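Chain by chain, the residues run as shown.
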Amino acid sequence: MTRRMWRWVAVAAGLFATACGSSSNSAAPAPTQCTPPATATVFWRQDVYPILAAQCVACHGDNQSSRPKLASVDPDVAYSAARSEVNLANPSQSNLVVLPTGNSGHPVEMDPAQAATVTKWIEECAQNNSSGTTVTP
């Protein structure tokens, strides 16, 4: 092939790749990165984990094999499960908040203060932190 033909092949390949990447059927992945505030106001270990441990233990404790372990006795296991239910792009739409506060048929509901605490923690990047320290996931 001549140089000119190779250029056209390269241009066509680039156009094809661009067209395939902009399909309306492909959803952009939710952001997984977040910039935590300089000073957190809500902490995983002191604020959020106790809410989940108290509210979610019946269905999401260590003895439940098929559900996220939101109420594990191990705060790090519970944190991993909680992070899988977080939407950093839209914290108030995180499963961690929506399911136990809406009309989803979820058997346990958080009160508005608890939901606000969990939402604020997500807004602050859902860190595995405790007061006095900051650990970014």
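Structure report, in brief. (Residues numbered from 1 in each chain as written. Predicted model: local features only at pLDDT ≥ 70, side-chain atom pairs only at ≥ 80, totals over all residues. Heavy atoms only, no water.)

**Considering the environment of Gln55**
For clarity, the cut-off: In DSSP terms, a helix is any run of H or I states spanning at least four residues, a strand is any run of E spanning at least two, and both are numbered starting from the N terminus. The contact definition used throughout considers only heavy atoms, calling two residues in contact when any of these lie within 4.5 Å. Nitrogen and oxygen atoms within 3.5 Å of one another constitute a polar contact, given that in protein one can donate a hydrogen and the other can accept it, and given that sequence-neighbouring residues count only through two side-chain atoms.
Looking at the secondary structure, you find Gln55 in helix α2 (residues 44–55). Sequence spacing of Gln55 and Leu70 is 15 residues, and the spatial spacing of their C-alpha atoms is 9.5 Å. Not counting residues up to four positions away in its chain, the partners in contact with Gln55 are Val108, Glu109 and Gln114. In terms of polar contacts, Gln55 uses its side chain to reach the side chain of Gln114, at 3.0 Å.

**Describing the pattern of salt bridges**
When charged atoms on two side chains of opposite charge get close, those side chains can pair. Spelled out, the test is: A pair is scored as a salt bridge if a Lys or Arg side-chain nitrogen falls within 4 Å of a carboxyl oxygen belonging to Asp or Glu. Type-normalised accessible area, obtained with a 1.4 Å probe on protein chains alone, sets the label of each residue: buried when under 20%, exposed when over 50%, and partly exposed for intermediate values.
All chains considered together, the criterion is met by two salt bridges. Here Asp76 makes a salt bridge to Arg45, at a shortest N to O gap of 2.7 Å. Placement of the pair is Asp76 in helix α4 (residues 75–83) and Arg45 in helix α2, with a sequence separation of 31 residues. Note on Arg45: relative accessible area 35%, which makes it partly exposed. Between Lys120 and Glu124 there is a salt bridge, and its shortest N-O distance comes to 4.0 Å. Of the residues examined, Lys120 reaches a relative accessible area of 35% and is grouped as partly exposed.

**Considering the nonpolar core**
What counts, and what does not: For this analysis, a nonpolar core means a set of buried residues of the types Ala, Val, Leu, Ile, Met, Phe, Trp, Tyr and Cys, connected via side-chain atoms within 4.5 Å.
Counting residues in each nonpolar core, the largest one holds 23 residues, and the members touching the most others are Trp44, Leu52, Leu96, Val118 and Trp121. Of all elements in the fold, only α2, α4, α5 (95–98) and α6 (112–123) reach the threshold of two or more residues within this core. In terms of residues, this core owes the most to one element, α2, which gives five residues. Every residue in contact with Val118, bar those within four places of it in the chain, is listed here: Val48, Ile51, Leu96, Val97 and Met110.

**Quick word on the state of the cysteines**
A covalent bond bridging the sulfur atoms of two cysteines is what the word disulfide describes. Worth spelling out the cut-off: Cysteine sulfur pairs qualify as disulfides if the two atoms are within 2.5 Å.
One pass over the structure, following the stated rule, counts one disulfide. At a sulfur-sulfur separation of 2.0 Å, the disulfide partner of Cys34 is Cys125. Between Cys34 and Cys125, the disulfide has an S-S torsion of -70° and is therefore left-handed. Taken together, the residues Cys34 in the loop between α1 (3–21) and α2 and Cys125 in the segment after α6 connect sequence positions 91 residues apart. By relative accessible area, which is 4% here, Cys125 ends up buried. Lacking any disulfide linkage, Cys56 is separated from the closest cysteine sulfur, that of Cys59, by 8.6 Å. Since its relative accessible area comes to 23%, Cys59 is described here as partly exposed.

**Focus on empty space enclosed by the protein**
Worth spelling out the cut-off: Points on a 1 Å grid over protein atoms alone make up a cavity when a 1.4 Å probe fits among them but cannot get out, and a pocket when they form an open set with protein on both sides within 12 Å along at least five of seven lines; lining residues each have an atom within 4 Å of a point. Grid points are joined across faces, edges and corners, and a volume is the space filled by probe spheres set on the points. Each residue receives one of three labels: charged for Asp, Glu, Lys and Arg, nonpolar for Ala, Val, Leu, Ile, Met, Phe, Trp, Tyr, Cys and Pro, and polar for the others, Gly being one of them.
Summed over the entire model, instances satisfying the criterion amount to one cavity of 30 Å³ or more. Volume-wise, the largest cavity comes out at about 40 Å³. Residue lining of the largest cavity: Gln55, Cys56, Ala58, Cys59, His60, His106 and Val108, and that is the complete set. Take the lining of the largest cavity: its biggest share by element is three residues, from helix α3 (residues 57–60). Residue classes in the lining of the largest cavity are distributed as four nonpolar, three polar and no charged.

**Overview of unusual backbone geometry**
Notably, Cys125 is not glycine yet its phi reads approximately 80°, a positive angle. A positive phi angle, near 50°, is found at Ala126, a position not held by glycine. By the element assignment, Ala126 lies in the segment after α6. Relative accessible area serves as the criterion here: at 0%, Ala126 is assigned to the buried category.

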